[in-house]
Amino acid sequence: MSDLLVLSGKKVSSVVYQGLSDRIQTLKEKNIIPGLAVILVGENPASKVYVLSKTRTFKKLDLFTKTYRLSSDISQDELLHLITELNNNPSYHGILVQLPLPKHIESDKVINVIDPKKDVDGFHPENAGLLAIGRPRFIPCTPKGIMKILGHYEIGLNGKHVVVVGRSNIVGRPISILTSMKMDGANATTTLCHSRTPDIENHTRSADVVIVALGVTGFLDHSMIKEGAIVIDVGINRIDADNDKGYELVGDVDWSSIEKKASAATPVPGGVGPMTIAMLVENTVEAAEKL
Ligand code: NAP
């Protein structure tokens, strides 16, 4: 197989923003400006970059956003108190707590306290439960973005075998639920692999679509996929590079190895990443519309 179709999340995200502009305008005519509160605890460099690109997009679209930058030694109670205040603040339709949090703070407790109707990341147990029973409210942004990319390129999953590697609540678990859901564009038979799965390559080699979300540079190579497979690379890994930043971002897929065997694949950067941000905007607009 030669002509690899590059599944550009960058392109699909601009289509999403175009589609959202009318909805944002309609809200503005009712004096509603979709608003997102972002909480950033500590100095994790990757988290700072992610928060910056999310808030930049909100500002570019003339939406309201404010970042609450908190010191890494903030107590859990202080953080919970801030979230309660934001839950009651009508300027915010969405609240996002950038993960990971420092070790002394229990992420579960923090997520539990976010108003589920403002949980635009879709991590609250109520929203995770609704997704699991096929009645989603807020779908986590990265898996939702993956489904949009597949939809845009008319890659139906009906009857296909999807193999997901990685079972986090942020990506792997929800994308395994979404792909196997009884709905148009889904209906796949999905296998969920993780670090305790023996012989992962036996699963990935039988897959029509492989979704890798581990955080292991170059994990997936040509020997692990079948001819014509579709590959979705969620990984974002920093590797040292001789450039201004001193690093570059790469995925979990060894692109040069799979490009002659796969039929379509998402690149890193420019694949799933831009869609995660677009879906955050979409979820926030949805939250504002549901007011
Ligand atoms: P995570 O919470 O660390 O989960 C990683 C998952 O991968 C776990 O389920 C782990 O298994 C599994 N795993 C790790 N090493 C493995 C191996 N060698 N073989 C098989 N399974 C393995 O990570 P995450 O939050 O899901 O993120 C995964 C990657 O996606 C990271 O690179 C992250 O930066 C990236 N990401 C990208 C976006 C985006 O917008 N593009 C968004 C979110 C995350 P166990 O459960 O058994 O430990």
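What you see is a predicted model; the values in this text were computed from it and never measured.

Examining the overall build of the protein
Next up, step 1: Helix and strand counts for the protein stand at 10 helices and 11 strands.
Next up, step 2: Its C-alpha radius of gyration of 19 Å places the protein within 12% of the 19 Å reference for a compact globule of 291 residues.
Next up, step 3: Each of the 291 residues in the protein was classed as buried or not, and the buried ones make up 51%.
Next up, step 4: Of the contacts formed within the protein by residues at least 6 apart in sequence, a portion of 70% connects residues at least 24 apart.
Next up, step 5: Surface accessibility of the protein: about 14100 Å² in total, with carbon and sulfur atoms responsible for 51%.

Thoughts on the domain arrangement of the protein
Next up, step 1: Along its sequence, the protein is carved into domain 1 (31-115) and domain 2 (140-273).
Next up, step 2: Buried area between domain 1 and domain 2, summed over both chains or domains, comes out near 250 Å², and the portion from carbon and sulfur atoms is 60%.
Next up, step 3: Area buried by domain 1 at its contact with domain 2 is led by V49, Y50 and L99, which between them contribute 74% of it.
Next up, step 4: Run the count over domain 1 and domain 2 and you get 0 residue pairs in polar contact (both at pLDDT 80 or more).
Next up, step 5: Taken together, the residues that form the side of domain 1 that touches domain 2 break down as 5 nonpolar, no polar and no charged.

Here we look at empty space enclosed by the protein
Next up, step 1: For the structure shown, the criterion picks out 1 cavity of 30 Å³ or more.
Next up, step 2: In this structure, the largest cavity encloses a volume near 40 Å³.
Next up, step 3: Lining the largest cavity we find I95, L96, V97, I111, I114, D119, D121 and F123.
Next up, step 4: At 3 residues, the largest contribution of residues to the lining of the largest cavity is made by strand β4 (residues 94-97).
Next up, step 5: Here the lining of the largest cavity is composed, by residue class, of 6 nonpolar, no polar and 2 charged.

A short note on the site of the ligand
Next up, step 1: Around the ligand, the surrounding shell holds 21 residues, and the nearest of these are R167, S168, S195, V234 and T276.
Next up, step 2: Between the ligand and V234 there is a distance of 3.3 Å, counted from a nitrogen atom to a backbone nitrogen or oxygen.
Next up, step 3: With respect to the ligand, the backbone of I236 contributes an N or O atom lying 3.0 Å from an oxygen atom.
Next up, step 4: In isolation the ligand has 930 Å² of accessible area, and contact with the protein removes 69% of it.

Re the side chain of T284
Next up, step 1: Among the structural elements, T284 can be located in helix α10 (residues 272-289).
Next up, step 2: For T284, a relative accessible area of 0% gives the class buried.
Next up, step 3: One polar contact links the side chain of T284 to the main-chain carbonyl oxygen of L280, over a distance of 2.7 Å.
Next up, step 4: If sequence neighbours within four positions are ignored, T284 has contacts with P34, G35, L36, F58, H93, G94 and V120.

What to know about the packing of helix α1 (residues 9-29) against helix α6 (residues 141-152)
Next up, step 1: Following both chains from N to C, one finds α1 and α6 inclined at 95°, their axes separated by 10 Å at the closest point. Accordingly, the angle class assigned to the pair α1 and α6 is roughly perpendicular. Of α6, the residues touching α1 (which contributes G9, V12, V15 and V16) are K148, I149 and H152.
Next up, step 2: Counted by class, the contact of α1 with α6 contains 4 nonpolar, 2 polar and 1 charged residues.

Procedures and definitions
- Residues numbered from 1 in each chain as written.
- Predicted model: local features only at pLDDT ≥ 70, side-chain atom pairs only at ≥ 80, totals over all residues.
- Heavy atoms only, no water.
- Helix = DSSP H or I, 4+ residues; strand = E, 2+ residues; numbered from the N terminus.
- Rg over C-alpha atoms; globule rule 2.2 N^0.38 Å.
- Buried < 20%, exposed > 50% of the residue type's maximum accessible area, 1.4 Å probe, protein only.
- Contact = heavy atoms within 4.5 Å.
- Areas by Shrake-Rupley, 256 points an atom, 1.4 Å probe, with all protein chains shown as cover.
- Domains from an automatic or database assignment.
- Buried area = accessible area lost by both parts, 1.4 Å probe.
- Polar contact = N/O pair within 3.5 Å; in protein donor to acceptor, adjacent residues only side chain to side chain.
- Nonpolar A, V, L, I, M, F, W, Y, C, P; charged D, E, K, R; others polar.
- 1 Å grid on protein atoms, 1.4 Å probe; cavity = no way out; pocket = protein on both sides within 12 Å on 5 of 7 lines; lining within 4 Å.
- Points joined across faces, edges and corners; volume = space filled by probe spheres on them.
- Near = heavy atom within 4 Å.
- Axes fitted to C-alpha atoms, helices over the stretch in contact; angles between N-to-C directions.
- Parallel < 35°, antiparallel > 145°, perpendicular 65-115°, else oblique.

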